[in-house]
Amino acid sequence: MKNLLGAPAVLALYYLILTVLAFYGVHRLVLVVLYLRTRRRRPVRPPDPAEWPRVTVQLPLYNEMYVAPRLIEAVCRLDYPPDRLEIQVLDDSTDETAGLVARVVAEQRARGVDIHHLRRDDRTGFKAGALAAGLARASGSLLAVFDADFVPQPEFLRLAVPYFADPGIGMVQGSWAHINRGYSLLTRIQAILLDGHFFIEHTARNRSGCFFNFNGTAGVWRREAIVAAGGWEHDTLTEDLDLSYRAQLAGWRFLYLPDLAVPSELPVDINGFKSQQYRWAKGSVQTGRKLLGRILRSRLPLRVKLEAFVHLTNNLSYALMLLLALLVFPAMLLRTGGSATLVWLVDFPLFFGATLSVLIFYLASQTAVGVGWKRQIRYLPTLMGLGIGLSVNNARAVLSGLVQRGGTFHRTPKYRIEKRGEDWLGKRYRVRWNVSVVIEVILALYFAACTVYAAQHRMWASVPFLYLFVQGYAYMAALSLLPSLDALRRPRGE
């Protein structure tokens, strides 16, 4: 095998990909260090304003029959001066959600709430288009946004709005809490992934003076900042990330409040989760294509540019991970009987950078949240497997984002699942599996065969590593197909 003509090229490509993945992995460690250095730099809450500014709360909806009433009722309970609060329900629904929302809005208006049910003739621009249409009719100088699966606490605005006393603040972002964190293994892993984003990434970036982004919900914008940045645009699938970078390039400062946690509902369906991840991955690549040139040409400090570059290109690692998956076993065969020194000096440091550093990042996030890493360490194998399993889905998203502007905004289905035992399989809006599942099945079978081969030839060091790939792709494929098997048992929407 060592004398095959393509062996040097295979190994060179393998080590190159592993090096790039190690770079992105080590960057996670850098964020952990930044978090530890800045975690005590908590912003001092300003006093309440003498006169509370007028706030427009925007609720973008599209076919959300299960959760729309919960959201509207929660927003109508916001503890804010009634004469300074306006609520817009930006409803693009094409099913019975529209009628359901109309009834809830009418009930709240009868109670004296300043709430408006706004409908469009079409979904041009999807969520970005709805927010732009609402902005044109909004009366508030500040705009708060909540997605359908969120349940803001009454004190949200009173806690967030005082920070806008600083005229340079363009956006205040709260963190996400999770109503159904303990519903299943899938929701527990999602919560850990999001904890890393909110409690390590956001804190480290914001408190070290780097750019970070509005997350599309649970945040408040200054109207001036939206207008100065050019408004909501829909040429990417992550309109929130896009506007965030444009606003910060225009000189506006953002503030992150990790203690301002807004309860939300995690996807319980793996296909819905994959759809969400696809949109985020594709949109971030599109935003990078759109704005990285402007960022790198700007007069921003070099460290801010570098952090923005890594932030906007990080999802490329999924495509690289898929390539690594295809190369890992041939590379193992080619290095059989090779130097142990090479393994310790090259393979192990790169493996640490690409994988173990990421695990440290997520364990640190659990300490930051207050859960503690010791209780969560048992979830690490599944977390690694889920990351590997997502590589097919997200690699497709990355490739699409590299060549396509915009696209169809497929919203993540929400079923109002709040506790264990509640059923979602018989509800509407379920996302069907796609071609990614076929590839995941093939890869699961391929790595199962590789694992057996490695065991038969006493390549014991390779077996645990190969098994992670089996677990990741098999887990993703199995969860994707199980809802379809249930559909054979009962009619869709039963």
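Above this text you will find the structure in question.
Residues numbered from 1 in each chain as written. Predicted model: local features only at pLDDT ≥ 70, side-chain atom pairs only at ≥ 80, totals over all residues. Heavy atoms only, no water.

Caption draft 1: Representation of the overall build of the chain in the model. Secondary structure assignment for the chain yields 16 helices and 7 strands. Compactness check: the chain gives a C-alpha radius of gyration of 24 Å against a globular reference of 23 Å for 494 residues, within 12% of the reference. Its C-alpha atoms give the chain principal-axis dimensions of about 80 × 60 × 45 Å. When the 494 residues of the chain are sorted by exposure, 58% land in the buried category. If you take every contact in the chain between residues at least 6 apart in sequence, the share linking residues at least 24 apart comes to 84%. Entry remark: accessible area of the chain is about 21,200 Å², with carbon and sulfur atoms responsible for 62%. (Helix = DSSP H or I, 4+ residues; strand = E, 2+ residues; numbered from the N terminus. Rg over C-alpha atoms; globule rule 2.2 N^0.38 Å. Buried < 20%, exposed > 50% of the residue type's maximum accessible area, 1.4 Å probe, protein only. Contact = heavy atoms within 4.5 Å. Areas by Shrake-Rupley, 256 points an atom, 1.4 Å probe, with all protein chains shown as cover.)

Caption draft 2: Quick look at the packing of aromatic side chains. A full pass over the atoms with the stated rule returns 24 aromatic pairs. Ring geometry for Phe465 versus Phe469: centroids 5.4 Å apart, planes at 80 degrees, classification edge-to-face. Here Phe465 pairs with Phe469, and both are found in helix 16 (residues 463-489), just 4 residues apart, close to one helical turn. Just as Phe465 is buried, Phe469 falls in that class too. (Phe/Tyr/Trp six-rings, centres within 6.5 Å; stacked < 30°, edge-to-face > 60°.)

Caption draft 3: Looking closely at the pattern of salt bridges. Considering all chains together, one arrives at 25 salt bridges under this definition. Where Asp92 meets Arg120, a salt bridge forms, and the shortest distance between an N and an O atom there is 2.7 Å. Placement of the pair is Asp92 in the loop between strand 2 (85-91) and helix 3 (97-110) and Arg120 in the loop between strand 3 (115-119) and helix 4 (126-137), with a sequence separation of 28 residues. Linking Arg181 and Asp195 is a salt bridge whose minimum nitrogen-to-oxygen distance equals 2.7 Å. (Salt bridge = Lys/Arg side-chain N within 4 Å of Asp/Glu carboxyl O.)

Caption draft 4: Focus on the nonpolar core. Core analysis: the biggest nonpolar cluster contains 75 residues, and Val57, Leu157 and Trp221 have the highest contact counts within it. Per-element accounting of this core gives the leading share, 6 residues, to strand 7 (residues 253-264). Core analysis: the second largest hydrophobic core is formed by 65 residues, Leu359, Leu383, Ile388 and Ala454 among them. (Core = buried A, V, L, I, M, F, W, Y, C linked by side-chain atoms within 4.5 Å.)

Caption draft 5: The arrangement of the side chain of Asp95 in detail. Mapped onto the fold, Asp95 is located in the loop between strand 2 and helix 3. Buried charge Asp95 goes without a salt bridge, the closest partner of opposite sign being Arg428 at 5.0 Å. With residues near it in sequence (within four places) discarded, Asp95 still touches Asn63 and Tyr429. (Lys, Arg positive; Asp, Glu negative; His and termini not counted.)

Caption draft 6: Up close: the sheet that holds strand 4 (residues 142-145). Strands sit in the order 3-2-1-4-6-5-7 across an open sheet of 7 strands; the sheet is mixed. Edge positions in the sheet fall to strand 3 and strand 7, since each of these pairs with one other strand and no more. This sheet shows a mean twist of 20 degrees between the axes of neighbouring strands, independent of strand direction. Summarising the sheet, strand 5 (residues 169-178) and strand 6 (residues 219-222) pair through 3 bridges and their orientation is antiparallel. The residue of strand 6 that forms the bridge with Val172 is Val220. Across the sheet, helix 3 lies against strand 1 (55-61), strand 2 and strand 3, angled at about 160 degrees from strand 3, the strand it touches most. (Pairing = 2+ DSSP bridges. Axes fitted to C-alpha atoms, helices over the stretch in contact; angles between N-to-C directions.)

Caption draft 7: Fine view of helix 4. With 12 residues, helix 4 ought to run about 16 Å at 1.5 Å a step, and its terminal C-alpha atoms sit 17 Å apart, in line with that. All buried positions along helix 4 are accounted for by Lys127, Ala128, Gly129, Ala130, Leu131, Gly134 and Leu135. (Expected span 1.5 Å × (residues − 1).)

Caption draft 8: Inspection of the pairing of strand 1 at higher detail. Burial analysis of strand 1 places 7 of its 7 residues in the buried class, the great majority of the element. Side-chain alternation along strand 1 places Val55, Val57, Leu59 and Leu61 on one buried face and Thr56, Gln58 and Pro60 on a second face that is also buried. When strand 1 meets strand 2, the two strands line up parallel, connected through 7 bridges. Bridge pairing in strand 2 links Thr56 to Glu86.

Caption draft 9: Expanded view of the pairing of strand 2. Most of strand 2 sits out of view: 7 of its 7 residues are buried. Here strand 2 shows a buried face lined by Leu85, Ile87, Val89 and Asp91 and a second buried face lined by Glu86, Gln88 and Leu90. Assessed by its sense of winding, the connection that carries the chain from strand 1 through helix 2 (residues 68-75) to strand 2 is right-handed. As a crossover connection, the stretch from strand 2 through helix 3 into strand 3 is right-handed. (Right-handed = clockwise from strand over helix to strand, strands pointing away.)

Caption draft 10: Examining a nonpolar patch on the surface more closely. There is a patch of nonpolar side chains on the surface, built from Trp433, Val435, Val438, Ile439 and Ile442 and spanning about 430 Å² of accessible area. Among the secondary structure elements, Trp433 is positioned in the loop between helix 14 (380-403) and helix 15 (435-456). The exposure class of Trp433 is partly exposed, given its relative accessible area of 38%. (Patch = residues over 30% accessible without salt bridge, like charges linked within 9 Å, V, L, I, M, F, W, Y side chains within 5 Å.)

Caption draft 11: Fine view of the packing of helix 11 (residues 316-334) against helix 15. Contact pair helix 11 / helix 15: the axes reach a minimum separation of 12 Å and the direction vectors enclose 20 degrees. One element, helix 11, and the other, helix 15, form an angle in the roughly parallel class. Regarding helix 11 and helix 15, the two cross each other, and that crossing is left-handed. Listed contacts from helix 15 to Leu322, Ala325, Leu326, Val328, Phe329, Pro330 and Leu333 of helix 11 are Leu443, Tyr446, Phe447, Cys450 and Tyr453. Counted by class, the contact of helix 11 with helix 15 contains 12 nonpolar, no polar and no charged residues. (Parallel < 35°, antiparallel > 145°, perpendicular 65-115°, else oblique. Left-handed = near helix turned anticlockwise from the far one by under 90°. Nonpolar A, V, L, I, M, F, W, Y, C, P; charged D, E, K, R; others polar.)

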